[in-house]
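As a plain string of letters, each chain reads:
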Amino acid sequence: MIARLLVMVARGWQRGPSQILPPSCRYQPSCSAYAITAIERYGAARGSWLALKRILRCHPWGGQGYDPVP
């Protein structure tokens, strides 16, 4: 139930603000797609943790490129 809610929030981001803001993703797949995959694969708790770690790595001095869900 919580996992579905979190996935809906990420999809809402993809369909809402993400469409208006200029593209700025440093990683492939995007953080929202990464979050959706992680939550679907590992559940709400661990998937959210992985997504949060990914979002925290996404800054000008962070990495870039292909970074799939483990």
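Look a little higher up for the structure.
Note that residues are indexed from 1 along each chain, following the sequence as it is written. pLDDT decides what is reported in this predicted model: residues at 70 or higher carry local features, side-chain atom pairs at 80 or more are listed and counted, and totals for whole chains, interfaces and linings draw on all residues regardless. In computing side-chain properties, one takes all heavy atoms of the structure into account and sets aside hydrogens as well as water.

Asks: What is the right way to read the overall build of the chain from this model?
Replies: Runs of E in the DSSP output that reach at least two residues are strands. Runs of H or I that reach at least four are helices, and both are numbered from the N terminus. Looking only at helices and strands, the chain has four helices and two strands in total. Across the chain, helices and strands are ordered from the amino to the carboxyl terminus as α-α-β-α-α-β. The globule rule puts the C-alpha radius of gyration for 70 residues at 11 Å, and the 12 Å found for the chain is close to it. In the chain, buried positions account for 23% of the 70 residues. The contact criterion used is simple: two residues touch if any of their non-hydrogen atoms lie within 4.5 Å. Put simply, 70% of the contacts in the chain that link residues at least 6 apart link residues at least 24 apart. Element-wise, carbon and sulfur atoms account for 64% of the exposed surface of the chain, whose accessible area totals about 5,100 Å². As defined in this context, the radius of gyration uses C-alpha atoms, and a globule is described by 2.2 Å times the residue total to the power 0.38. Whether a residue is buried, partly exposed or exposed follows from its accessible area with a 1.4 Å probe, protein chains only, as a fraction of its type maximum: under 20%, in between, or over 50%, in that order. Only the protein chains shown count as cover for residues, with accessible areas throughout obtained via the Shrake-Rupley method and a probe of 1.4 Å.

Asks: I would appreciate a short explanation of helix H3 (residues 31–42) in the present structure.
Replies: Between the first and last residue of a helix there are one fewer steps than residues, each counted as 1.5 Å, and that sum is the expected span. Over its twelve residues, H3 extends 16 Å from the first C-alpha to the last, a length consistent with the 16 Å expected when each residue adds 1.5 Å. Listed as buried for H3 are Cys31, Ser32, Tyr34, Ala35, Ile36, Ala38 and Ile39. The elements touched by buried residues of H3 are helix H1 (2–15) and helix H4 (44–57). Backbone geometry just after H3 places Gly43 at a positive phi near 95°.

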